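Reading the structure
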Amino acid sequence: MAQQGAWVDEACDGFEALARCRERNYDIIFMDIVMPGLGGKEAAQRIHELYPRERMPKIVALTANAMPGERERLLAGGMDGCLIKPITEEQVADWLSFWRADPYEANNQAVTSYGDPAARGDLLEAELKQMLRVELPEHRRRIRNAYRSDDMARLREQVHRLHGAASICRLPPLQGACRNLEEALIKGKRHAIIGGMKRLLAEIDQQLDSDRQPRPPPTRMI
């Protein structure tokens, strides 16, 4: 987004997002729905209380929940838009170009593409996959700890985070395992949660094992 002329801030959770909104005005906020501490829905409601109507930022919900009616519920709850993960760079660019802020000349400029979009997208996807590979053991630890402590709310939060990452990285088996467990947690079916946990941990292990496969030695050039 910064490459497209936008001034970007980041927040790790809802509380940090609120703190930043108290410090300065924003034009658009991409709000993850599931975050530790304060979720996206609650953070959005509090942000509505901070800004006067004429300076209210556009809030776009980001969610991995593609279940029927989720988009409508978010819009009815005060969101200005909703993007279902995986989210592409083009979708974000569309939102940036859709919104225009007169006080800021830079934001009035049309969003410009840089280089070959397909090549740029492939490079970004490869970088995100590498980041996920590094983070997978920590995802596994947190999911397992939440399950062992019988903290279903924290378990759902951790699974949702991994679901979003798997969706962005286009890893269908891992994405499907996350979705399966997340739906079981939403419905509260204990036997389905147990089966979902086994499937998800097995898929995480599969992803980790595939990264440990020995690679052929490099070709020697003379």
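Provided above is the structure to which this section pertains.
To keep things clear, this report deals only with the structure shown in the data block.

1. Observations concerning helix α2 (residues 40–50)
Among all positions in α2, only Gly-40, Ala-43, Ala-44 and Ile-47 are buried. Buried residues of α2, seen end-on, are gathered within an arc of 100° and therefore sit on one face of the element. The elements touched by buried residues of α2 are α1 (14–23), β1 (28–32) and β2 (58–63).

2. Here's the deal with unusual backbone geometry
A positive phi is found at Asp-150, a non-glycine position, where the angle reads about 60°. Among the secondary structure elements, Asp-150 is positioned in the loop between α5 (117–148) and α6 (152–168).

3. Comments concerning α1
Within α1, burial applies to Gly-14, Ala-17, Leu-18 and Cys-21. Take α1 and look down its axis: the buried residues cluster within an arc of 100°, on one side only. Of the exposed residues in α1, those oriented more than 90 degrees away from the buried face are Arg-22 and Glu-23. Looking at the packing, one finds that the buried side of α1 touches β1 and α2. Where α1 begins, one side-chain oxygen reaches toward the backbone nitrogen of Phe-15, 3.1 Å away; that side chain belongs to Asp-13.

4. Some points on the sheet that holds β1
The sheet built from 3 strands is open, its strands ordered β1-β2-β3 with parallel pairing. Pairing within the sheet leaves two strands with one partner each, and these edge strands are β1 and β3 (81–84). Averaged over all pairs of adjacent strands, the angle between their axes in this sheet comes to 25°, without regard to strand direction. Here β2 pairs with β3 via 4 bridges, running parallel. Of the residues in β3, the one forming a bridge with Val-60 is Gly-81.

5. Things to note about the pairing of β2
Along β2, 5 of the 6 residues are buried, which leaves the element largely enclosed by surrounding structure. Bridging between β1 and β2 involves 5 bridges; their strand directions are parallel. Bridge pairing in β2 links Met-31 to Ala-61. Regarding the hand of the β-α-β motif, the stretch spanning β1, α2 and β2 is right-handed.

6. Structural notes on the nonpolar core
Ile-143, Val-159, Leu-162, Leu-174, Leu-200 and Ile-204 are the most contacted members of the largest nonpolar core, which totals 22 residues. When residues of this core are traced back to their parent elements, those giving at least two are α5, α6, α7 (172–187) and α8 (190–212). If near-sequence neighbours (up to four positions away) are discounted, Leu-162 is found in contact with Leu-132, Leu-136, His-139, Ile-143, Leu-174, Cys-178, Leu-200 and Ile-204. Grouped together as the second largest cluster of nonpolar side chains are 17 residues, Ala-44, Ile-47, Tyr-51 and Cys-82 included.

7. A word on the environment of His-163
Turning to its location among the elements, His-163 is positioned in helix α6. Of the residues examined, His-163 reaches a relative accessible area of 2% and is grouped as buried. Note: C-alpha distance between His-163 and Gly-176 (13 residues apart in sequence) is 8.3 Å. Those residues in contact with His-163, other than ones at most four positions away along the chain, are Ala-64, Gln-175, Cys-178, Arg-179 and Glu-182.

What counts and how
- Think of each chain on its own: its residues are numbered from 1, step by step along the sequence as written.
- Local features in this predicted model are restricted to residues whose pLDDT is 70 or higher, and side-chain atom pairs enter the listing and the counts only when it is 80 or higher, whereas totals over whole chains, interfaces and linings include all residues.
- Side-chain measures were taken over the full set of non-hydrogen atoms in the model, leaving aside hydrogen atoms and water.
- Burial classification: accessible surface area is computed with a 1.4 Å probe over protein chains only, and a residue below 20% of its type maximum counts as buried, one above 50% as exposed, and the rest as partly exposed.
- Every helix listed is a DSSP run of H or I at least four residues long, and every strand listed is a run of E at least two residues long, numbered separately from the N terminus.
- What the arc measures is the spread of directions leading from the helix axis to the C-beta atoms.
- Contacts: residue pairs with any heavy atoms within 4.5 Å of one another.
- Polar contacts, as used here, are pairs of N or O atoms within 3.5 Å; protein pairs need one atom able to donate a hydrogen and one able to accept it. Residues neighboring in sequence count only if both atoms are side-chain atoms.
- For two strands to be treated as a pair, DSSP must find no fewer than two bridges joining them.
- Only C-alpha atoms enter the line fits that serve as axes; for helices the fit covers just the stretch in contact. Angles between N-to-C directions range over 0 to 180 degrees.
- Orient the strands so they point away from the viewer, and a crossover whose first-strand-to-second-strand path over the helix runs clockwise is right-handed.
- Nonpolar cores were defined as sets of buried Ala, Val, Leu, Ile, Met, Phe, Trp, Tyr and Cys residues, with membership established by side-chain atoms within 4.5 Å.

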